[in-house]
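Coordinate analysis (summary)
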Protein chains: 2
Amino acid sequence: MHPRKVADSTVRRLAIYLRFLEEFADQGADTVSSGALAQRAGTTSAQVRKDLSFFGSFGKRGLGYDVPALGARLRQILGLTRRYRVLLVGAGRLAGALAQYAGFAARGFDVVAVVDRDPAKIGTCWGALRVDDVDRLEKIVVAERVEIAILVTPAEPAQQLADRLVATGITAILNFAPVQLQVPGVVEVKNVNLAVELETLSYALQHREEN
Amino acid sequence: MHPRKVADSTVRRLAIYLRFLEEFADQGADTVSSGALAQRAGTTSAQVRKDLSFFGSFGKRGLGYDVPALGARLRQILGLTRRYRVLLVGAGRLAGALAQYAGFAARGFDVVAVVDRDPAKIGTCWGALRVDDVDRLEKIVVAERVEIAILVTPAEPAQQLADRLVATGITAILNFAPVQLQVPGVVEVKNVNLAVELETLSYALQHREEN
């Protein structure tokens, strides 16, 4: 029913449209135009219509989109009608921030466990979470029914940890380690590199100065 | 000399190619093929050649790219031949992780100041940084010669803070607040939404289960 091969950039925009639909719903709006969605999401009306057309027919010409209906449909498309159990691999500062990040729980992503290899960190408590020994990774994935792993380690141990996660049957990894992970095709990996985001800004500054 | 309108996705890939070129250089490699770069960056040889062709002619047919020369050129294109002074707006957990994030300093981004509105945070020290009062934002931007601001606040105060940053003359903002900022065209804003990254994974899990 759904096309299998939808670009990552499209999926990311759907997630962003959903945020604005929820804002509009909070403000009591019943309908929204593709133009209004486009403006908020920093794209064009044509792009909004194209992104949504992948998933069927929405909206009526001249009337715009039904806010609650489109929101419900986007939640369904994005797999957000259920909750997900998430494991943090690595217990550094960034992992600590992610464990407390309200945006995750609000979207249905529950951090249920944290592991690290550092004896100084193992056994410490983060709210209701207790940092566990990475040696117990496989046991924890099973016991906690983990579905998504977030890898927040330096580059060096990341591939080996990814191999261990894949061996447990985990098929979704959000990778903050600065390394391209090699995984079987069935495993989805999304990379987040915060320095790359800053580099798109330095690029813009550099090219403005030249012009 | 450089095309003004290069897609964000291209710039992000250039930053990723640079990482792998530096790895290859560390391993003593003199040349690299577009295929090897593509494999590491998770893209195709054709895409690598296309991305690089925006910026002139690199590499010789059959010989691949010269690793040090291409690395130097990418650093120049990305504006990484100098350092940037960065202000963190917001002193929560995520800001704390960013302040200590080694990847920023390694790329030339120096966090030189942090501001917050919470009296409990103002005056506390983060290593060599002291959290300052957000009321002093404008003074700090001038005194510290800030060029890039990272907004790490909840949604509610973000637009007003962005307006104040823009009024100081700041033209580059990395925005972690879950809101689309309205800024003049001369200001570059890049948005990072960590929940959206997880949602591309829940999308993949959802659609795998359906197939």
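Placed above this text is the structure.
Analysis parameters
Residues numbered from 1 in each chain as written. Chains lettered and ligands numbered in written order. Predicted model: local features only at pLDDT ≥ 70, side-chain atom pairs only at ≥ 80, totals over all residues. Heavy atoms only, no water. Pairing = 2+ DSSP bridges. Helix = DSSP H or I, 4+ residues; strand = E, 2+ residues; numbered from the N terminus. Contact = heavy atoms within 4.5 Å. Axes fitted to C-alpha atoms, helices over the stretch in contact; angles between N-to-C directions. Buried area = accessible area lost by both parts, 1.4 Å probe. Nonpolar A, V, L, I, M, F, W, Y, C, P; charged D, E, K, R; others polar. Core = buried A, V, L, I, M, F, W, Y, C linked by side-chain atoms within 4.5 Å. Buried < 20%, exposed > 50% of the residue type's maximum accessible area, 1.4 Å probe, protein only. Left-handed = near helix turned anticlockwise from the far one by under 90°. Salt bridge = Lys/Arg side-chain N within 4 Å of Asp/Glu carboxyl O. Arc of directions from axis to C-beta. Least-squares fit on C-alpha atoms with pLDDT ≥ 70 in both. Phe/Tyr/Trp six-rings, centres within 6.5 Å; stacked < 30°, edge-to-face > 60°. Lys NZ or Arg CZ within 6 Å of the ring centre and 35° of its normal.

Our focus in this paragraph is the sheet that holds strand β5 (residues 125-126) of chain A. Residue and element names in this part refer to chain A. In space, the 7 strands of this open sheet follow the order β5-β6-β4-β3-β7-β8-β9, with mixed pairing throughout. Across the chains shown, the open sheet's two edge strands, defined by having one partner strand only, are β5 and β9 (188-191). Pairing of β5 with strand β6 (residues 129-133), which is carried by 2 bridges, proceeds in the antiparallel orientation. When the bridges of β6 are listed, tryptophan 126 appears paired with leucine 129. In the packing of helix α8 (residues 158-168) onto the sheet, the strands contacted are β3 (84-89), β7 (148-151) and β8 (172-175), and the crossing angle to β7 comes to about 175°.

Residue-level contacts link 67 residues of chain A with 67 residues of chain B. Taking both sides of the interface into account, the surface hidden between chain A and chain B amounts to around 6,100 Å²; carbon and sulfur atoms contribute 62%. The greatest single-element share of the side of chain A that touches chain B, amounting to 17 residues, is contributed by helix α9 (residues 194-210) of chain A. Residues that form the side of chain A that touches chain B fall into these classes: 34 nonpolar, 17 polar and 16 charged.

Okay, the side chain of aspartate 132 of chain B next. Considering the arrangement of structural elements, one finds aspartate 132 of chain B in strand β6 (residues 129-133). With residues up to four places along the chain from it excluded, the contact list for aspartate 132 of chain B reads Val114, Val115, Asp116, Ile122 and Ile140 of chain B.

The next thing to look at is the nonpolar core. Membership of the largest hydrophobic core comes to 106 residues, with the highest contact counts inside it found for Leu37 and Ile150 of chain A together with Leu37 and Ile150 of chain B. With residues near it in sequence (within four places) discarded, isoleucine 150 of chain B still touches Leu198 of chain A together with Val86, Leu87, Leu88, Val89, Leu98, Phe104, Leu174 and Phe176 of chain B.

All names here are of chain B. Interhelical geometry of helix α1 (residues 8-26) versus helix α4 (residues 67-77) gives an angle of 145° and a closest axis separation of 9 Å. Remark: the crossing between α1 and α4 carries left-handed chirality. When α1 is examined against α4, the residues Leu14, Tyr17, Leu18, Leu21, Glu22, Phe24 and Ala25 are found in contact with a partner set consisting of Val67, Leu70, Gly71, Leu74, Arg75 and Ile77. Its residues assigned to classes, the contact of α1 with α4 comprises 10 nonpolar, 1 polar and 2 charged.

Bringing the pattern of salt bridges into the picture now. In total, this model carries 30 salt bridges over all chains according to the counting rule given. Residues glutamate 199 of chain A and arginine 19 of chain B are paired through a salt bridge, measuring 2.9 Å at the closest nitrogen-oxygen approach. Here glutamate 199 of chain A is found in helix α9, whereas its partner arginine 19 of chain B is found in helix α1 on a different chain. An identical accessibility class is assigned to glutamate 199 of chain A and arginine 19 of chain B; each is buried. Arginine 107 of chain B serves as the salt-bridge partner of glutamate 199 of chain A, at 3.6 Å between the closest nitrogen and oxygen. A residue pair is termed interchain when its members come from two chains, as with glutamate 199 of chain A in helix α9 and arginine 107 of chain B in the loop between α6 (102-106) and β4 (109-116).

Bringing helix α3 (residues 45-53) of chain A into the picture now. All names here are of chain A. Among the residues of α3, Val48, Asp51 and Leu52 are the ones counted as buried. Viewed along the axis of α3, the buried residues span an arc of 95°, placing them on a single side of the element. Elements that come into contact with the buried residues of α3 comprise α1 (8-26), α2 (34-41), β2 (65-66) and α4 (67-77).

On to the relation of the copies chain A and chain B. Least-squares fitting of chain A to chain B yields an RMSD of 0.0 Å, with the transformation described by 0.0 Å of translation along the axis and a rotation of 180°. Given the turn and translation reported, the copies of this chain are related as if by a two-fold rotation axis. Comparing interface residues between copies, 100% of those in chain A also lie at the interface in chain B; the contact surface is shared.

Before going further, it helps to examine α4 of chain A. Residues and elements named next belong to chain A. Residues of α4 that are buried include every one of Val67, Leu70, Gly71, Arg73, Leu74 and Ile77, and no others. Taken around the axis of α4, the buried residues stretch over an arc of 165°, which confines them to a single face. With its phi angle positive at about 75°, glycine 79 sits one or two positions after the end of α4.

It is worth spelling out the packing of aromatic side chains at this point. Here the distance between the centres and the angle between the planes together describe a pair of aromatic rings. Scanning all chains against the criterion turns up 8 aromatic pairs over all chains. Seen from their ring centres, tyrosine 101 of chain A and phenylalanine 104 of chain A are 4.8 Å apart, and the 80° between their planes marks the pair as edge-to-face. Classification of phenylalanine 104 of chain A by relative accessible area gives buried; the value is 2%. Ring centres of tyrosine 84 of chain B and phenylalanine 109 of chain B lie 5.5 Å apart, and the angle between their planes is 20°; this geometry places the pair in the stacked category. Taken together, the positions of tyrosine 84 of chain B in strand β3 (residues 84-89) and phenylalanine 109 of chain B in strand β4 put the pair 25 residues apart, joining distant regions of the chain. Just as tyrosine 84 of chain B is buried, phenylalanine 109 of chain B falls in that class too. Aromatic rings pair up to connect Phe54 and Phe55 of chain A together with Tyr203 of chain B into one cluster. Here the guanidinium or amino end of arginine 82 of chain A rests over the ring plane of tyrosine 84 of chain A, the centre of that ring lying 4.1 Å away.

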